[in-house]
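What follows is each chain in one-letter form.
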Amino acid sequence: MKIKVFNSQTQTETNEIDLNELFEREDTCLIGRSENSGLVLDSSDISRLHGKFFQQNGEIYYTDLGSRNGSLI
């Protein structure tokens, strides 16, 4: 499964990620401004730890981690 990341202000694509490849290496992918995130998004709209993708029973899920601006999927 591939996801495309868009800048909500400019509506331009900033990144594309293949989650199947990612989950071959680990069970979760943290998203945020932190350099420790699996997907680093450098924007003031993004929290340091904004959300995460995770795999459970062969399904892929996303959860917001209490970010100030929320998540749009």
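What counts, and at which threshold
- Residues numbered from 1 in each chain as written.
- Predicted model: local features only at pLDDT ≥ 70, side-chain atom pairs only at ≥ 80, totals over all residues.
- Heavy atoms only, no water.
- Helix = DSSP H or I, 4+ residues; strand = E, 2+ residues; numbered from the N terminus.
- Buried < 20%, exposed > 50% of the residue type's maximum accessible area, 1.4 Å probe, protein only.
- Contact = heavy atoms within 4.5 Å.
- Phe/Tyr/Trp six-rings, centres within 6.5 Å; stacked < 30°, edge-to-face > 60°.
- Lys NZ or Arg CZ within 6 Å of the ring centre and 35° of its normal.

**Considerations on the environment of Gln-55**
Next, step 1: Position of Gln-55 among the secondary structure elements: in strand S5 (residues 51–56).
Next, step 2: Given a relative accessible area of 33%, Gln-55 falls into the partly exposed group.
Next, step 3: Spatially, the C-alpha atom of Gln-55 lies 19 Å from that of Val-40, the residues being 15 residues apart in sequence.
Next, step 4: Setting aside residues up to four positions removed in sequence, Gln-55 forms contacts with Phe-23 and Asp-27.

**Remarks on the packing of aromatic side chains**
Next, step 1: Here the structure, examined in full by the defined rule, presents two aromatic pairs.
Next, step 2: With a centroid separation of 5.4 Å and 25° between ring planes, the pair formed by Phe-54 and Tyr-61 is classed as stacked.
Next, step 3: Judged by its relative accessible area of 39%, Tyr-61 falls in the partly exposed class.
Next, step 4: Directly above the aromatic system of Phe-54 lies the positively charged group of Lys-52, at a separation of 5.5 Å from the ring centroid.

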